[in-house]
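Here's the letter readout for the chains.
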Amino acid sequence: MKRSSVFYWLIGLVIAAIVIAAAFCFDGAARDFIAQHQNRALRKVMLNVSRFGDWPEHFALGLILAGAAWLRGNKKWIRIFLSMLIALAIAGVVGHGIKIATGRARPSVRTEEAWNRFSSKYHAFPSGHVAVSMAFFGVLFFASRRIGLVCLPIPIVIGFSRMYVAAHYLSDVVCAAILGILCALLVARVLLYSIENRQSKIEN
């Protein structure tokens, strides 16, 4: 690994650590602010965003896009869309494991309710919706910056919706986004960049 790559990784880790620490510090403030600014119409919209922003909808979209690319015979985009699905799956599995291990209560859970690690009420950390969405569209961003930038607001809106409906804290969303980015970067490096590098060497 080049020195410049190590430097950028260290900078990235420091920034991520600062962002995560800040998110935990502002958990209570963000929760209280959202609770005090509830709107019936907006809440209905956010509920729908949460409902349709989960992994089955992302997975179905990925399959449809991969199928369309296959029908057009575009091998590059078939590989990209399949990589998006793989990143989604990795983020989902890892995120679910962390949920069970941490057993963090959701903001909507009453303090008197019995704690249960395997109950969805205690699966707040991290946000599964945000992790899979960020991993899914993160691969697209690494494959095509222009198209990826257009789609990146999707996981951001999903993250806000999860906080708005009191399903997650700010730190749940932030850590999930970082998890999704890491999964997307890993998959892009292994399945996209490595293949492109091998192909360029063969052509040369």
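Note that the structure is a prediction, hence the values are computed from the model and not measured.

(A) Quick look at helix α5 (residues 75-102). If you check α5, its first and last C-alpha atoms are 40 Å apart, about what 28 residues at 1.5 Å a residue would give, namely 40 Å. Measuring from the side-chain oxygen of the N-cap residue of α5 to the backbone nitrogen of lysine 76 gives 3.3 Å; that N-cap residue is asparagine 74. After α5 finishes, the residue glycine 103 shows a positive phi value of roughly 60 degrees.

(B) Examining the packing of helix α3 (residues 40-52) against helix α8 (residues 153-164) more closely. Between α3 and α8, the shortest axis-to-axis distance is 8 Å and the interhelical angle comes to 120 degrees. On the basis of their axis angle, the class for α3 and α8 is oblique. For the pair α3 and α8, the crossing hand works out as left-handed. For the pair α3 and α8, contact is made by Leu42, Arg43, Met46, Val49 and Ser50 and by Val157, Ile158, Phe160, Ser161, Arg162 and Tyr164, respectively. Its residues placed into classes, the contact of α3 with α8 shows 7 nonpolar, 2 polar and 2 charged.

(C) Examining the environment of alanine 167 more closely. Inspection of the secondary structure assignment puts alanine 167 in the loop between α8 and α9 (170-203). When the C-alpha atoms of alanine 167 and lysine 121 are compared, they prove to be 8.5 Å apart, with 46 residues separating the residues in sequence. Setting aside anything within four residues of it in sequence, one finds alanine 167 in contact with Arg106, Pro107, Ala124 and Arg162.

(D) How the structure looks around unusual backbone geometry. Note the cis peptide between phenylalanine 125 and proline 126, where omega equals -10 degrees. Along the chain, proline 126 falls in the loop between α5 and α6 (128-143). If you check the backbone angles, alanine 166 has positive phi at about 60 degrees while not being a glycine. Positionally, alanine 166 belongs in the loop between α8 and α9. A relative accessible area of 26% means that alanine 166 is categorised as partly exposed.

(E) Main features of the packing of aromatic side chains. The tally for this structure, following the rule as stated, stands at 7 aromatic pairs. Measuring from centroid to centroid gives 6.4 Å for tryptophan 115 and tyrosine 122, while their planes differ by 70 degrees, and the two rings are edge-to-face. For tyrosine 122, a relative accessible area of 4% gives the class buried.

(F) Representation of the packing of helix α4 (residues 55-71) against α6. It is at 9 Å that the axes of α4 and α6 come closest, and there the two elements cross at 20 degrees. Taken together, the axis directions place α4 and α6 in an arrangement best described as roughly parallel. In this structure, α4 crosses over α6, and the sense of that crossing is left-handed. Packed against α4, whose contacting residues are Trp55, His58, Leu61 and Gly62, the element α6 presents Val132, Ser133, Phe136 and Phe137 at the interface. In terms of residue class, the contact of α4 with α6 is made up of 5 nonpolar, 3 polar and no charged.

Here is what the cut-offs are and how they apply
Residues numbered from 1 in each chain as written. Predicted model: local features only at pLDDT ≥ 70, side-chain atom pairs only at ≥ 80, totals over all residues. Heavy atoms only, no water. Helix = DSSP H or I, 4+ residues; strand = E, 2+ residues; numbered from the N terminus. Expected span 1.5 Å × (residues − 1). Polar contact = N/O pair within 3.5 Å; in protein donor to acceptor, adjacent residues only side chain to side chain. Axes fitted to C-alpha atoms, helices over the stretch in contact; angles between N-to-C directions. Parallel < 35°, antiparallel > 145°, perpendicular 65-115°, else oblique. Left-handed = near helix turned anticlockwise from the far one by under 90°. Contact = heavy atoms within 4.5 Å. Nonpolar A, V, L, I, M, F, W, Y, C, P; charged D, E, K, R; others polar. Buried < 20%, exposed > 50% of the residue type's maximum accessible area, 1.4 Å probe, protein only. Phe/Tyr/Trp six-rings, centres within 6.5 Å; stacked < 30°, edge-to-face > 60°.

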